Amino acid sequence: MDSSQSSSLGTGGSGGNGMVSSQTNDTATATPNDDPKQNLTQVINSIQKTLGLLHQLYLTVSSFNAASQLPLLQRLNSLVSELDNMAKLSEKCNIQVPMEVLNLIDDGKNPDEFTRDVLNSCIAKNQVTKGKTDAFKSLRKHLLEELEQTFPDEVESYREIRASSAAECKRLAQSQSMLPNGDVKVKTEL
């Protein structure tokens, strides 16, 4: 391996000999309750390092001669070590990938198609639900108009009950979100 190849992987914890530094493995497994984003970042870095090691291995194999047997074995050992490290790091990540995404990737398609299809499906379902809601609002309005013509006193009583009930619900919701000091509780977004 020439100096440019070793320096491009030097930041990942490997030396010029292609071996994995124990410091990288120790820091990756030192804290069992890491942040999920940090765990994912560690797995991504391990994947990138593995790709670099595979590239180095490819270069070594493509220009193989008797003198390059030791570097080949060192690179194979570092690849095995990094794959083991990646497996350990991935145990801390709880990522679920839909089978449809994997099938798209296997078919050579862009996984963003799955996201687009899911969003389009949600939009279509939302439009259907909105249509049903609008239909029920229209039906309620039509029924109230018909009932008001037939039973005006009862409809007036119904509207008063609905208004007082709505005001009570609003007051109750506001009182539950008030803190003893008068501040309002704010729902935190995760």
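Just above, that's the structure.
Below or above, wherever it landed, is the structure these notes cover. (Residues numbered from 1 in each chain as written. Predicted model: local features only at pLDDT ≥ 70, side-chain atom pairs only at ≥ 80, totals over all residues. Heavy atoms only, no water.)

1. Looking at the overall build of the chain
When you go through the chain residue by residue, the secondary structure sums to 7 helices and 0 strands. Moving toward the C terminus, one meets the helices and strands of the chain in the order α-α-α-α-α-α-α. Buried residues in the chain amount to 17% of all 190 residues. Relative to all contacts within the chain whose residues are 6 or more apart in sequence, the contacts with residues 24 or more apart total 53%. (Helix = DSSP H or I, 4+ residues; strand = E, 2+ residues; numbered from the N terminus. Buried < 20%, exposed > 50% of the residue type's maximum accessible area, 1.4 Å probe, protein only. Contact = heavy atoms within 4.5 Å.)

2. Considering helix α4 (residues 69-91)
Counted at 1.5 Å a residue, the expected span for α4 with its 23 residues is 33 Å, and the 33 Å between its end C-alpha atoms agrees. Of all the residues in α4, the buried ones are L72, R75, S78, L79, E82, N85, M86 and L89. (Expected span 1.5 Å × (residues − 1).)

3. Focus: the packing of helix α6 (residues 112-150) against helix α7 (residues 152-176)
Axis separation between α6 and α7 bottoms out at 6 Å; the angle between their running directions is 135°. Between α6 and α7, the angle falls in the class oblique. Mapping the contact onto sequence places R140, L144, L147, E148, Q149 and T150 in α6 and P152, V155, Y158, R159 and R162 in α7. In terms of residue class, the contact of α6 with α7 is made up of 5 nonpolar, 2 polar and 4 charged. (Axes fitted to C-alpha atoms, helices over the stretch in contact; angles between N-to-C directions. Parallel < 35°, antiparallel > 145°, perpendicular 65-115°, else oblique. Nonpolar A, V, L, I, M, F, W, Y, C, P; charged D, E, K, R; others polar.)

4. Describing the environment of E113
Within the secondary structure, E113 sits in helix α6. You can call E113 partly exposed: its relative accessible area is 27%. Distance from E113 to V101, taken between C-alpha atoms, is 8.5 Å for residues 12 residues apart in sequence.

5. Things to note about the pattern of salt bridges
A complete count under the given rule lists 6 salt bridges for this structure. Note that K88 and D84 form a salt bridge whose closest N and O atoms lie 3.4 Å from each other. Of this pair, K88 and D84 both sit in helix α4, 4 residues apart, roughly one helical turn. Between K130 and D134 there is a salt bridge whose closest N-O contact spans 3.1 Å. In this pair, K130 and D134 are both assigned in helix α6, 4 residues apart and thus about one turn of the helix distant. A relative accessible area of 36% places D134 in the partly exposed class. (Salt bridge = Lys/Arg side-chain N within 4 Å of Asp/Glu carboxyl O.)

6. Points about a nonpolar patch on the surface
A cluster of nonpolar side chains, L40, I44, I95, V97, M99, L102 and I105, forms an exposed patch at the surface whose accessible area comes to about 610 Å². Elements supplying a minimum of two residues to the nonpolar patch: α3 (36-62) and α5 (99-106). Ranked by residue count, the leading element in the nonpolar patch is α5, at 3 residues. Along the chain, V97 falls in the loop between α4 and α5. (Patch = residues over 30% accessible without salt bridge, like charges linked within 9 Å, V, L, I, M, F, W, Y side chains within 5 Å. Areas by Shrake-Rupley, 256 points an atom, 1.4 Å probe, with all protein chains shown as cover.)

7. Regarding a negative patch on the surface
Together, D153, E154, E156 and E160 line one region of the surface with negative charge. With respect to the helices and strands, E160 occurs in helix α7. (Lys, Arg positive; Asp, Glu negative; His and termini not counted. Charge placed at Lys NZ, Arg CZ, Asp CG, Glu CD.)

8. With respect to the side chain of K49
Relative to the assigned elements, K49 resides in helix α3. A polar contact is formed between the side chain of K49 and the side chain of E82, at a distance of 3.5 Å. (Polar contact = N/O pair within 3.5 Å; in protein donor to acceptor, adjacent residues only side chain to side chain.)

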